[in-house]
Amino acid sequence: MKRGIFISFEGIDGSGKTTQIEQLKDYLKSLNIDYIVVREPGGTNEGERIRQILLDRESDLTPEAELFLLLASRSILTKRVIIPSLEEGKIVIADRYADSSVAYQGYGRGLDIEFVNSGNSVATCGLKPDITFYIDIPVEESIRRRKEKKKDRMEIDPEFLKRVRKGYLKMANNSKRIVVVDGTMNPKEVWQIIKINIEELLRRRNG
Ligand code: TYD
């Protein structure tokens, strides 16, 4: 059986990941390709409970505790859901994965990047997405898009988000796996770019 394909979506809050994941789901459905979508933090019963702690405004977490909770959730999701699904030949679509921790906890909160990377490599069993779409929007646009919408514990401080965005751009610069897509284009244009990359991946898998 063919191994599945692992696709992740990254971006600062309000980048339009969810809309693009919906497009990708419709596209895979139209081709009769088996897929699953997972989100982080979360994606398993245990992970969803961890998510509640992470997003709860009442939680008084340290940056380190935040990272450990994310890694715990990621470890369960990877071993129990992602790896088995890939072995079954499915396409796995992740709404955020390990890169989020490098961007948010590393570049955003200031934890040592190598420390975050080591934690990630344990939690992911060394698994990396085949492709990552980083949907890039300026921080001002992020804040404009998500005002009113969301009132969880995670920050909307512009300076924090600027560091996160810079981190993503730096990672993308150093990795062929990460495709940067301009999220200020209209959603249809964004999807066209993503679709071209997915078609190429599917061709390679079938070829
Ligand atoms: P969510 O409501 O899923 O936001 P989004 O739609 O933007 O993905 O909340 C996830 C929040 O958790 C988001 O603010 C980013 C943050 N996060 C981290 O800080 N580190 C991580 O490793 C992950 C996976 C998420």
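Refer to the structure presented above.
Now for a quick tour of the structure. (Residues numbered from 1 in each chain as written. Predicted model: local features only at pLDDT ≥ 70, side-chain atom pairs only at ≥ 80, totals over all residues. Heavy atoms only, no water.)

### Some details on the layout of surface pockets
Our working rule: The distinction between a cavity and a pocket rests on a 1 Å grid over the protein atoms alone: a 1.4 Å probe fits inside a cavity but cannot get out, while a pocket stays open yet meets protein on both sides within 12 Å along at least five of seven lines, and a residue with an atom within 4 Å of a point counts as lining. Grid points are joined across faces, edges and corners, and a volume is the space filled by probe spheres set on the points. Numbering of helices and strands runs from the N terminus; a helix is a DSSP stretch of H or I covering at least four residues, while a strand is a stretch of E covering at least two.
Considering only enclosed or pocket space, the second largest pocket measures out at about 350 Å³ in volume. Residue lining of the second largest pocket: 19 residues in total, with Asp99, Val102, Asn117, Lys128 and Arg177 positioned closest to the centre. Elements that contribute at least two residues to the lining of the second largest pocket include exactly helix H4 (98-108) and helix H5 (113-123).

### A short note on helix H6 (residues 139-146)
Which entries qualify depends on this criterion: Here's how the labels work: a residue is buried when its accessible area is under 20% of the maximum for its type, exposed when over 50%, partly exposed in between, all with a 1.4 Å probe on protein chains only. Contacts between residues were defined by any pair of non-hydrogen atoms, one from each residue, lying within 4.5 Å.
Those residues of H6 that sit buried are Val139, Glu141, Ser142, Ile143 and Arg146. Those residues of H6 that are buried are in contact with helix H7 (158-173).

### Re unusual backbone geometry
Pro41 follows Glu40 through a cis peptide bond whose omega is -10°. Within the secondary structure, Pro41 sits in the loop between strand S2 (35-39) and helix H2 (45-55). Within the chain, Cys125 stands out as a residue other than glycine whose phi angle is a positive 55°. With respect to the helices and strands, the residue Cys125 is situated in the loop between H5 and strand S4 (131-136).

### Things to note about the site of the ligand
For clarity, the threshold we go by: Any residue with a heavy atom lying within 4 Å of a molecule or strand is counted as near it. Polar contacts, as used here, are pairs of N or O atoms within 3.5 Å; protein pairs need one atom able to donate a hydrogen and one able to accept it. Residues neighboring in sequence count only if both atoms are side-chain atoms. Working definition of accessibility: Shrake-Rupley area with a 1.4 Å probe, residue cover restricted to the visible protein chains. In this classification, Asp, Glu, Lys and Arg are treated as charged, Ala, Val, Leu, Ile, Met, Phe, Trp, Tyr, Cys and Pro as nonpolar, and every other residue, Gly included, as polar.
With respect to spatial proximity, 14 residues lie near the ligand, and among them Asp13, Lys17, Arg96, Ser101 and Gln105 are the closest. Separating an oxygen atom of the ligand from a side-chain N or O atom of Asp13 is a distance of 2.8 Å. Interatomic distance of 2.7 Å between a side-chain N/O atom of Lys17 and an oxygen atom of the ligand. Here the ligand, which alone exposes 540 Å², has 89% of that area covered by the protein. Of all the elements in the fold, those that place two or more residues in the shell around the ligand are helix H3 (63-87) and H4. With four residues, the single largest contributor to the shell around the ligand is H4. Taken together, the residues that form the shell around the ligand break down as four nonpolar, three polar and seven charged.

### Concerning the environment of Ile21
Looking at the secondary structure, you find Ile21 in helix H1 (residues 17-30). Ile21 sits in the buried class, given a relative accessible area of 4%. Sequence spacing of Ile21 and Gly126 is 105 residues, and the spatial spacing of their C-alpha atoms is 24 Å. When residues no more than four places from it in sequence are discounted, the contact partners of Ile21 are Phe9, Val37, Ile93 and Asp95.

### Points about the nonpolar core
To be explicit about the condition: For the purposes of this section, nonpolar cores are sets of buried Ala, Val, Leu, Ile, Met, Phe, Trp, Tyr and Cys residues that join through side-chain atoms within 4.5 Å.
Counting residues in hydrophobic clusters, the biggest one holds 21 residues, and the most contacted among them are Ile7, Phe9, Leu24, Ile91, Phe133, Ile194 and Ile198. Of all the elements in the fold, those that place two or more residues in this core are strand S1 (5-10), H1, strand S3 (91-95), S4, strand S5 (178-182) and helix H8 (187-206). Per-element accounting of this core gives the leading share, six residues, to H8. Residues contacting Phe133, with those up to four places away along its chain left out, are Ile7, Ser8, Phe9, Glu10, Val179, Val181, Ile194, Asn197 and Ile198. Counting 20 residues, the second largest nonpolar core, distinct from the first, contains Ile12, Val164, Met171 and Ile178.

### Describing the pattern of salt bridges
The test is simple: Salt bridge, as used here, is a side-chain nitrogen of Lys or Arg placed within 4 Å of a carboxyl oxygen of Asp or Glu.
Under the defined criterion, the tally for this structure stands at 16 salt bridges. One salt bridge connects Arg144 with Glu141, and the closest N-O pair in it is separated by 2.9 Å. Of this pair, Arg144 and Glu141 both sit in helix H6, three residues apart, which is roughly one turn of the helix. By relative accessible area, Glu141 is classed as buried at 18%. The partner of Lys195 in a salt bridge is Glu199, and the shortest N-O contact between them spans 3.8 Å. Of this pair, Lys195 and Glu199 both sit in helix H8, separated by four residues, roughly a single helical turn. According to the relative accessible area criterion, Lys195 is partly exposed, its value standing at 22%.

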